[in-house]
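What the coordinates show
Take a look at the letters that make up each chain.
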Amino acid sequence: MRAVVFEEFGGPEVLKVQVVEEPHAGPGQVRIKVRAAGVNPIDFKVRRGWTKGFIDPVFPAVPGLEVAGVVDEAGDGAEFAVGDEVVGWSDGGAYAEYAIGGNVARKPAGVSWEQAVGVPVAGETAQRVLDLLGVKSGETILIHGAAGAVGSVAVQLAKAAGLTVVGTASPANHEYLRSLGAVPVEYGEGLLERVRAAAPDGVDAVFDTAGKGGLKESVELRGGTERIVTIADYAAAGELGVTMSGGGGTTESIRSGLEAHLQAATDGKLTPRIAQTFELADAAKAQELSESGHARGKIVLKP
């Protein structure tokens, strides 16, 4: 099969499309004919060698956590059968024509492949952090990077929970955030004053999805580090004492959350935004866009 692989740490140029051996489903596993693979910031961080000790790839490595596609091989005791349409996490990489399904759920018929693959990581991450922050109806939350894949899902989940949402984004994304019900503010110099103007009664919680500044101002807004969580700024987490969230939950709870978010997408209550779709051969360009931090939603690869 064709797959994107890298055999050393480095920039996007180390990603190559090669012909490799197909994976096969073992007991309890399914093999998926990939229709869409999600591109996430963790992918370029692994490629650059920034996750050593946390995620250590075995070369040659195939990137990709999220997969959506059709089951074409089922191992003994597998939960899904050949022909089932599924979406979730991959075991062994998703930037390929075939992938082994890890924790997956049935894809609803009314949700596109691209939108489906935009749900697992963004939905799990957004819900996990909102739960960690303990947000409740009537509160105000500040979301940094609100127009990105995780941020836009977090905005929608927070609004559905009855929160007022202030979201940082570039001016080009402000109208989009307004369409989601958020109050947009531009990041950069003067952020503190702009947030105070947008939320004169203060903010009750802060969710940083961007990792590109704003946490110092957030600490000042909150009067400390309580109820501030980042998923992206490792340095600031260490320097400021802000909580860093990098995952968690049981297989069952993660699957349940995925099913709930897919149902919300089916019902039109959650809309994953697709930034751009790339072919496998353009995986390097897809990761460059991810690394730039300027993607307006989910980046998707299609074999």
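For the structure, see preceding data.
The structure reproduced in this document is the subject of the present report. Just so it is clear, the structure is predicted and the values come from calculations on it, not from any experiment.

Moving on, we come to the side chain of T168. Its place among the elements puts T168 in strand 8 (residues 164–168). In this structure the side chain of T168 is engaged in a polar contact, spanning 3.3 Å, whose partner is the side chain of H144.

Quick look at the pairing of strand 3 (residues 30–39) now. The element strand 3 is largely enclosed, with a buried count of eight among its 10 residues. Pairing analysis gives eight bridges linking strand 3 to strand 4 (residues 66–74), with the strands arranged antiparallel. Directly across from I32, in strand 4, lies its bridge partner V71. As paired elements, strand 3 and strand 6 (residues 98–106) share four bridges and run antiparallel to each other. Considered in strand 6, the bridge of R31 is made with I100. The pairing of strand 3 with strand 14 (residues 298–302) spans three bridges and is antiparallel.

Judged by pairing direction, the sheet is parallel, and its six strands sit side by side in the order 9-8-7-10-11-12 without closing on themselves. The strands lining the two open edges of the sheet, one partner per strand, are strand 9 (183–185) and strand 12 (243–244). As paired elements, strand 7 (residues 140–144) and strand 10 (residues 205–208) share four bridges and run parallel to each other. Within the sheet, the bridge partner assigned to H144 lies in strand 10 and is D208. Contacts from helix 6 (residues 191–198) reach strand 7, strand 8 and strand 9, with the element oriented near 165° to strand 9. Taken strand by strand, helix 7 (residues 215–222) contacts strand 7, strand 10 and strand 11 (228–230), and its axis lies near 165° from that of strand 11.

Along the chain, G69 falls in strand 4. Between the C-alpha atom of G69 and that of A81, which follows or precedes it by 12 residues, the distance is 12 Å.

For the rest of this paragraph, the subject is the pattern of salt bridges. Pairs can form between side chains of opposite charge whenever their charged atoms are close. Enumeration over the complete set of coordinates arrives at 17 salt bridges. The partner of R48 in a salt bridge is E291, with the nearest N and O atoms 2.5 Å apart. Taken as a pair, R48 in the loop between helix 1 (41–47) and strand 4 and E291 in helix 10 (residues 283–292) lie far apart in primary sequence, 243 residues in all. One salt bridge in this structure joins K107 and E85, with 3.8 Å as the shortest N-O distance. In this pair, K107 sits in the loop between strand 6 and helix 2 (113–117) while E85 sits in strand 5 (residues 85–91), placing the two residues 22 residues apart along the sequence. Judged by its relative accessible area of 7%, K107 is buried. The exposure class assigned to E85 is partly exposed, which follows from its relative accessible area of 32%. It is possible to trace a salt-bridge network through shared partners that takes in E22, R31, D72 and E73.

Turning next to the packing of aromatic side chains. Describing an aromatic ring pair means giving the distance of the ring centres and the angle of the ring planes. Tallying each qualifying case throughout the model produces three aromatic pairs. Taken together, F6, F9 and F59 form an aromatic cluster joined through their ring pairs. Sitting over the ring of Y98, R31 keeps its end group 4.4 Å from the ring centre. The ring centre of Y98 lies 4.8 Å from the NZ or CZ of K33, which sits over that ring.

Taken as a whole, helix 7 has its buried residues at L215, S218, V219 and L221. The arc that holds every buried residue of helix 7, seen down its axis, measures 160°, which confines them to one face. The inward-facing, buried residues of helix 7 contact strand 7, helix 6, strand 10, strand 11 and helix 8 (234–240). Of the residues one or two after helix 7, G223 is the one with positive phi, at around 75°.

Another aspect to go through is a negative patch on the surface. Side chains of E7, E8, E13 and E288 sit close together on the surface and give a patch of like negative charge. Looking at the secondary structure, you find E8 in the loop between strand 1 (2–5) and strand 2 (16–19).

Cut-off values and rules
- Residues numbered from 1 in each chain as written.
- Predicted model: local features only at pLDDT ≥ 70, side-chain atom pairs only at ≥ 80, totals over all residues.
- Heavy atoms only, no water.
- Helix = DSSP H or I, 4+ residues; strand = E, 2+ residues; numbered from the N terminus.
- Polar contact = N/O pair within 3.5 Å; in protein donor to acceptor, adjacent residues only side chain to side chain.
- Buried < 20%, exposed > 50% of the residue type's maximum accessible area, 1.4 Å probe, protein only.
- Pairing = 2+ DSSP bridges.
- Contact = heavy atoms within 4.5 Å.
- Axes fitted to C-alpha atoms, helices over the stretch in contact; angles between N-to-C directions.
- Salt bridge = Lys/Arg side-chain N within 4 Å of Asp/Glu carboxyl O.
- Phe/Tyr/Trp six-rings, centres within 6.5 Å; stacked < 30°, edge-to-face > 60°.
- Lys NZ or Arg CZ within 6 Å of the ring centre and 35° of its normal.
- Arc of directions from axis to C-beta.
- Patch = residues over 30% accessible without salt bridge, like charges linked within 9 Å, V, L, I, M, F, W, Y side chains within 5 Å.
- Areas by Shrake-Rupley, 256 points an atom, 1.4 Å probe, with all protein chains shown as cover.
- Lys, Arg positive; Asp, Glu negative; His and termini not counted.
- Charge placed at Lys NZ, Arg CZ, Asp CG, Glu CD.

From the geometry alone we can't say anything about function, so treat these as descriptive.
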